[in-house]
Amino acid sequence: MFSGAQISLYPMTDDFVRVILDAIGALEPYRPAFRIETDDISTLLVGPPDQLFPAMRDLFVAAAGSGTHCVLAATVSRGCPGEPDDPICTPANAAGHGKSLEERIADAVAHVATAPKTGRIVAAQFSLYPLGDGHHMDEIYGCIDFLKQSGVFDRSKNFCTKLRGDAGQVFATLSEAFLRFGAPAGHVALDMKVSANSPTAAA
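Residues numbered from 1 in each chain as written. Predicted model: local features only at pLDDT ≥ 70, side-chain atom pairs only at ≥ 80, totals over all residues. Heavy atoms only, no water.

**Some points on the nonpolar core**
Link 1 in the chain: Membership of the largest hydrophobic core comes to 51 residues, with the highest contact counts inside it found for Phe53, Met56, Val76, Phe171 and Met192.
Link 2 in the chain: Ranked by the residues each element gives to this core, the list is headed by helix H2 (residues 49-64), at nine residues.
Link 3 in the chain: Setting aside its immediate chain neighbours within four residues, phenylalanine 53 contacts Val76, Phe171, Leu174, Ser175, Phe178, Leu190 and Met192. (Core = buried A, V, L, I, M, F, W, Y, C linked by side-chain atoms within 4.5 Å. Buried < 20%, exposed > 50% of the residue type's maximum accessible area, 1.4 Å probe, protein only. Helix = DSSP H or I, 4+ residues; strand = E, 2+ residues; numbered from the N terminus. Contact = heavy atoms within 4.5 Å.)

**A few points about the packing of helix H3 (residues 101-113) against helix H4 (residues 136-149)**
Link 1 in the chain: Close contact between H3 and H4 brings their axes to 9 Å; oriented N to C, the two are set at 35°. Considering only the axes of H3 and H4, their crossing is right-handed. Residues Leu101, Arg104, Ile105, Ala108, Val109 and Val112 of H3 touch H4, and the partners they reach there are Asp138, Glu139, Gly142, Asp145, Phe146 and Gln149.
Link 2 in the chain: Residue composition of the contact of H3 with H4, by class: six nonpolar, two polar and four charged. (Axes fitted to C-alpha atoms, helices over the stretch in contact; angles between N-to-C directions. Left-handed = near helix turned anticlockwise from the far one by under 90°. Nonpolar A, V, L, I, M, F, W, Y, C, P; charged D, E, K, R; others polar.)

**With respect to the pattern of salt bridges**
Link 1 in the chain: Scanning the model with the defined rule gives eleven salt bridges in all.
Link 2 in the chain: Between arginine 18 and aspartate 15 there is a salt bridge; the shortest N-O distance is 2.4 Å.
Link 3 in the chain: A relative accessible area of 34% means that aspartate 15 is categorised as partly exposed.
Link 4 in the chain: Arginine 18 sits in the partly exposed class, given a relative accessible area of 42%.
Link 5 in the chain: Residues joined by salt bridges that share partners form a network here, namely Asp15, Arg18 and Asp22. (Salt bridge = Lys/Arg side-chain N within 4 Å of Asp/Glu carboxyl O.)

**Brief notes about the pairing of strand E4 (residues 70-78)**
Link 1 in the chain: In terms of residue burial, E4 counts as a mostly covered element, since eight of its nine residues are buried.
Link 2 in the chain: Two elements, strand E1 (residues 3-11) and E4, share nine bridges in a ladder whose sense is antiparallel. Across the sheet, the residue bridging to isoleucine 7 is alanine 74, located in E4.
Link 3 in the chain: Both E4 and strand E8 (residues 188-196) contribute to a ladder of nine bridges, which runs antiparallel. Along E8, the bridge assignment pairs arginine 78 with valine 188. (Pairing = 2+ DSSP bridges.)

**Observations regarding the packing of aromatic side chains**
Link 1 in the chain: Following the criterion strictly, the structure yields four aromatic pairs and no others.
Link 2 in the chain: Ring geometry for phenylalanine 60 versus phenylalanine 171: centroids 6.3 Å apart, planes at 45°, classification tilted. Linking phenylalanine 60 in helix H2 with phenylalanine 171 in helix H5 (residues 167-180), this pair joins segments that are 111 residues apart in sequence.
Link 3 in the chain: Relative accessible area serves as the criterion here: at 0%, phenylalanine 60 is assigned to the buried category.
Link 4 in the chain: Owing to a relative accessible area of 2%, phenylalanine 171 belongs among the buried residues under this scheme.
Link 5 in the chain: Taking the centre distance of 6.0 Å and the plane angle of 20° together, the rings of phenylalanine 146 and phenylalanine 181 count as stacked. Residue phenylalanine 146 is found in helix H4, and its partner phenylalanine 181 is found in the loop between H5 and E8; the two are separated by 35 residues along the sequence.
Link 6 in the chain: Its relative accessible area of 0% is what places phenylalanine 146 among the buried residues.
Link 7 in the chain: When the ring centre of phenylalanine 178 is taken as reference, the NZ or CZ atom of arginine 78 above it lies at 5.7 Å. (Phe/Tyr/Trp six-rings, centres within 6.5 Å; stacked < 30°, edge-to-face > 60°. Lys NZ or Arg CZ within 6 Å of the ring centre and 35° of its normal.)

Treat this as a map of the structure, not an account of what it does.
Set out below in structure tokens:
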């Protein structure tokens, strides 16, 4: 299993370097579990799939705490056949694969309900791609059923779903969508954008 995320953080301020550098400190508790590589476009996080979204949450909440409009863009992947297995990545079977779709939906809803609150309201939109052969549309429809029960569902949009709520629950919802839907050993990708402090939302 190989799991990771390519992430880019965009603070909408002239002082963006300080905001980014201050926020990076939020990744320190996760460093032992991750391989982290940064270039001029994005930062790669490779590690356990269940830790990817908590790490992104803490990074984003730290940046949004500056009060400036911030956006996090990420492409998240597990099980990519083009990537080698990595010992720091763990299989996604802990997310309840082997259970029925209905059981996985119920487990995902329960997990989001217990997610820690951050006090930071965010909006997100994402698309889930369970790749490969099989009944991928059943998995997508099951994920949509979960999203509508998550407590942070905002609305369906063309090509994606919009979420809004506390960052703790929004990132937990994204994590559950990524971990619980799609083949357990198959390739699953998720494309996401998260925004906080947007002047558009305030208007």
